[in-house]
Structures are given as C-alpha cells and as structure tokens.
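Structural features, examined
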Amino acid sequence: MDDAWMGSIDISINKAFTARAFDTSTGDLAKNSQPGEQFYGISDSNHGRVMIFAGGLPLRGSNGNVVGGVGVSGGTGEQDQVVVEAAMAAF
C-alpha cells in the first residue's frame, strides 16, 4: 500500500502466522489477551510473533479445515480488518 510503514510487512506476515497458529482471528485473540483474560501475555510467546490486533484471519478450505492464514497491515485496525475480510471473501 502506498505510504505504508515498512514495519507493516512483518506485522502482516505475523498476523497471518498468529491466525494460523491459534486458528482464530487476531481481533478475537486481542479481546482475550487483555489483563485478567485467559490469554493475557500471549503476545510475548512465539518469539514475539503473536499479533493481538485486527487484520489476521485463519484461512479455511471448503471443508472448514484451517489451511493457512491471511494477514493485512498498513492501515488502521478497522481498515486492515475490512481488507482481510475482502481477501477471505475472494478465496
């Protein structure tokens, strides 16, 4: 994306990794990783690769099994989420 931060490359890759590693959206993981919640501190796991903000979704095949992950970064959390949902719809 024009004018996106270079750091967004790694973030998008790590969002896809996170979505696949835990078979959940990074936005949902974010809700459960707040202080007092069951996954508090998870962002420190996996050598710091776990992303806990919107923009990552597990990629499911036609049978519903998770076959990969998709990650988007470069915009706001809301923008990243809209783009990743569009990518999923295209799949």
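Relevant structure appears above.
Residues numbered from 1 in each chain as written. Predicted model: local features only at pLDDT ≥ 70, side-chain atom pairs only at ≥ 80, totals over all residues. Heavy atoms only, no water.

Turning to the overall build of the protein chain, a few remarks are in order. Helix and strand counts for the protein chain stand at three helices and two strands. Reading the protein chain from its N terminus to its C terminus gives the helix and strand order α-α-β-β-α. Relative to a compact globule of 91 residues, whose C-alpha radius of gyration would be 12 Å, the protein chain shows 13 Å and is just as compact. Along the first, second and third principal axes, the C-alpha set of the protein chain runs to 40 × 35 × 20 Å. The buried share of the protein chain, reckoned over its 91 residues, is 32%. Within the protein chain, contacts between residues at least 6 apart in sequence are counted, and of these 55% link residues at least 24 apart. (Helix = DSSP H or I, 4+ residues; strand = E, 2+ residues; numbered from the N terminus. Rg over C-alpha atoms; globule rule 2.2 N^0.38 Å. Buried < 20%, exposed > 50% of the residue type's maximum accessible area, 1.4 Å probe, protein only. Contact = heavy atoms within 4.5 Å.)

Although it is not a glycine, D23 adopts a positive phi angle of roughly 50°. Summarising the element assignment, D23 is placed in the loop between α1 (7–22) and α2 (26–31).

Aromatic ring pairs are reported here in terms of the distance separating the ring centres and the angle at which the planes meet. Within the structure shown, the criterion is met by zero aromatic pairs. Lying over the aromatic face of F17, R49 brings its terminal NZ or CZ to 3.9 Å of the ring centre. (Phe/Tyr/Trp six-rings, centres within 6.5 Å; stacked < 30°, edge-to-face > 60°. Lys NZ or Arg CZ within 6 Å of the ring centre and 35° of its normal.)

This brings us to the environment of Q81. Structurally, Q81 can be placed in helix α3 (residues 77–90). Sequence-distant contacts of Q81, that is, excluding residues within four places in its chain, are made with A54, G55 and L57.

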